[in-house]
Amino acid sequence: MTHVEDELTSQPACWTRAAEEAGRHRDALPSPGERVAVVGCGTSYFMAQSVAALREGAGQGETDAFAASEFPHGRSYDRVVALTRSGTTTEVLDLLGRLKGTAARTTAVTADPATPVTTAADDLVVLDFADERSVVQTRFATTALTLLRAHLGLHSDSVVADARTALSTDLPRGLVACTQFTFLGRGWTVGLANEAGLKMREASLSWTEAYPAMEYRHGPISITTAGTAAWMFGEAPDGLAEQVRATGGLWVGGVLDPLAELVRAQRLAVAVAAARGLDPDRPRHLTRSVILTPDAAETA
Ligand SMILES: N[C@@H]1[C@@H](O)[C@H](O)[C@@H](COP(=O)(O)O)O[C@@H]1O
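All figures in this text were calculated on a predicted structure; none of them were measured in a lab.

What counts and what doesn't
Residues numbered from 1 in each chain as written. Predicted model: local features only at pLDDT ≥ 70, side-chain atom pairs only at ≥ 80, totals over all residues. Heavy atoms only, no water. Domains from an automatic or database assignment. Contact = heavy atoms within 4.5 Å. Buried area = accessible area lost by both parts, 1.4 Å probe. Salt bridge = Lys/Arg side-chain N within 4 Å of Asp/Glu carboxyl O. Helix = DSSP H or I, 4+ residues; strand = E, 2+ residues; numbered from the N terminus. Nonpolar A, V, L, I, M, F, W, Y, C, P; charged D, E, K, R; others polar. Pairing = 2+ DSSP bridges. Axes fitted to C-alpha atoms, helices over the stretch in contact; angles between N-to-C directions. Left-handed = near helix turned anticlockwise from the far one by under 90°. Near = heavy atom within 4 Å. Polar contact = N/O pair within 3.5 Å; in protein donor to acceptor, adjacent residues only side chain to side chain. Areas by Shrake-Rupley, 256 points an atom, 1.4 Å probe, with all protein chains shown as cover. Parallel < 35°, antiparallel > 145°, perpendicular 65-115°, else oblique. Buried < 20%, exposed > 50% of the residue type's maximum accessible area, 1.4 Å probe, protein only. Core = buried A, V, L, I, M, F, W, Y, C linked by side-chain atoms within 4.5 Å.

Time to look at the domain arrangement of the protein chain. Each assigned domain of the protein chain is listed here: domain 1 (3–151) and domain 2 (157–275). On the domain 2 side, the residues contacting the 23 residues of domain 1 number 23 residues. The junction of domain 1 with domain 2 conceals about 1900 Å² of combined surface from both sides, 72% of it contributed by carbon and sulfur atoms. Between domain 1 and domain 2 we count one salt bridge in total. When residues of the side of domain 1 that touches domain 2 are traced back to their parent elements, those giving at least two are helix H1 (3–9), helix H2 (11–21), helix H3 (43–57) and helix H6 (139–151). For the side of domain 1 that touches domain 2, a count of residues per class yields ten nonpolar, eleven polar and two charged.

Our next topic: the sheet that holds strand E7 (residues 207–212). Spatial strand order, E7-E6-E8-E9: four strands in an open sheet with parallel pairing. A single partner strand is all that each edge strand has here, and the edge strands are E7 and strand E9 (250–253). When the angles between neighbouring strand axes are averaged without regard to direction, this sheet yields 20°. Strand contacts of helix H8 (residues 189–204): strand E6 (180–185) and E7, with the helix running at about 160° to E6, the strand carrying the most contacts.

With that settled, the discussion passes to the packing of H2 against H6. Geometry of a packed helix pair, given as the angle between the helix axes and the separation of the axes. It is at 8 Å that the axes of H2 and H6 come closest, and there the two elements cross at 30°. In the crossing of H2 with H6, the sense of the turn from one axis to the other is right-handed. Touching Gln11, Cys14, Trp15, Ala18, Ala19 and Glu21 of H2 are Arg139, Thr142, Thr143, Thr146, Leu147 and Ala150, all from H6. Its residues placed into classes, the contact of H2 with H6 shows six nonpolar, four polar and two charged.

Close contacts around the ligand come from 15 residues, with Ser44, Thr84, Ser86, Thr89 and Glu202 the closest. A distance of 2.6 Å is found between an oxygen atom of the ligand and a side-chain nitrogen or oxygen belonging to Ser86. Note that a nitrogen atom of the ligand is positioned 3.0 Å from one of the backbone N or O atoms of Thr287. Protein contact buries 94% of the 400 Å² of open area that the ligand shows by itself.

We now examine the packing of helix H7 (residues 157–168) against helix H11 (residues 258–275). Running from N to C, H7 and H11 point in directions that differ by 20°, and their axes come no closer than 8 Å. In this view, H7 runs roughly parallel relative to H11, as classed from their interaxial angle. Helix-helix and strand crossings are classified by hand; for H7 and H11 the assignment is right-handed. From H7, Val159, Asp162, Ala163, Ala166, Leu167 and Ser168 reach across to H11, where they touch Leu259, Ala260, Val263, Arg264 and Arg267. Its residues placed into classes, the contact of H7 with H11 shows seven nonpolar, one polar and three charged.

Okay, the pattern of salt bridges next. One pass over the structure, following the stated rule, counts 14 salt bridges. Among the salt bridges present, the one from Arg79 reaches Asp123, with a minimum N-O distance of 2.9 Å. Taken together, the positions of Arg79 in strand E3 (residues 79–84) and Asp123 in strand E5 (residues 123–126) put the pair 44 residues apart, joining distant regions of the chain. Taken as a pair, Arg79 and Asp123 share a single burial class, namely buried. Notably, a salt bridge pairs Asp131 with Arg288, separated by 2.9 Å at the nearest N-O pair. Within this pair, whereas Asp131 is found in the loop between E5 and H6, its partner Arg288 is found in the loop between H11 and helix H12 (294–299), the two being separated by 157 residues in sequence.

All right, on to the nonpolar core then. Of all hydrophobic cores here, the largest spans 56 residues; its most connected members are Phe181, Phe183 and Phe233. In terms of residue count, H11 provides more of this core than any other element does, eight residues in total. Among the domains, domain 1 (3–151) and domain 2 (157–275) are the pair contributing at least three residues each to this core. Among residues more than four places away in sequence, those in contact with Phe183 are Ala193, Ala196, Gly197, Met200, Thr208, Glu209, Ala210, Tyr211, Trp231, Phe233 and Ala265.

Turning to its location among the elements, Trp231 is positioned in strand E8 (residues 228–232). The exposure class of Trp231 is buried, given its relative accessible area of 1%. In this structure Trp231 touches Leu175, Thr182, Phe183, Leu184, Val252, Glu261, Arg264, Ala265 and Leu268, once residues within four positions along its chain are discounted. A polar contact of 3.0 Å, which involves the side chain of Trp231, links it to the side chain of Glu261.

Below you can see the structure in the form of structure tokens.
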């Protein structure tokens with residue numbers, strides 16, 4: 001079994017633990033009414049998108065999500081939450097350094113208690129039980145999201161049951177053989193759709209796209225045809241499934257909690273990698289975290 005498979009299979013247990021521990025981290029996490037930004041890079045940025053939409057949707061206050069490199073320094077936030085498995089990603093550390101001494105209190109949610117981010121942030125949430133050996137993130141990202149979902153009062157045990165279903169049922173027929181995959185979301189599931197697309201690219205070098213579902217009809221649907229797939233995370237807009245089927249494309253409707261649907265997409269990434277003779281533990285051109293030295297930055 002690859003590290004990725006091993007780690008993605010352990011997600012139900014990690015989510016249960018994160019939900020149990022959420023209360024312990026209340027002081028390090030945003031309070032209702034605070035103006036909040038959630039930041040990260042790669043997978044962590046997409047989880048930030050989901051967290052931001054969930055918090056704002058729960059009426060807990062204005063919440064934005066940014067790639068750490070794109071933080072708008074002209075705006076003021078009460079709290080900035082940085083998601084980073086490695087605790088070493090350059091853009092995240094740079095941002096936390098720039099926020100030191102400003103009005104924004106910072107929190108790092110990370111996997112390793114002994115990395116630079118632990119001194120760069122004011123407050124810390126360490127999810128060491130969800131750390132991973134893989135370059136390709138699966139369980140740390142979804143466990144961090146589960147912790148924040150539980151903090152917002154939005155976690156339920158049914159998500160964990162759905163994740164077990166996602167791990168034990170077959171993938172839709174014909175999906176692994178598709179040549180292109182488009183992932184769609186609405187609200188908090190847009191981040192999940194983005195992450196599903198990234199997972200497929202990282203692990204299986206697949207051509208993937210991801211969009212808010214209502215945007216898909218405004219152009220991207222033109223690439224959908226026989227041999228391609230469109231996968232909706234959460235409830236689909238009226239008529240979209242029929243529209244995709246009419247193109248000859250394979251429609252995959254999300255039947256489980258959208259976070260559990262992401263587990264199915266992670267499994268798809270591993271299955272497509274295997275079908276293409278790729279090792280998901282050795283993704284092309286990627287490292288576990290991106291650390292830019294000044295020399296590298298000059299030549300980048
Ligand atoms: N290849 C990895 C990505 O898979 C990961 O999502 C990103 C963020 O890493 P971290 O969460 O450790 O900051 O770093 C690298 O780019």
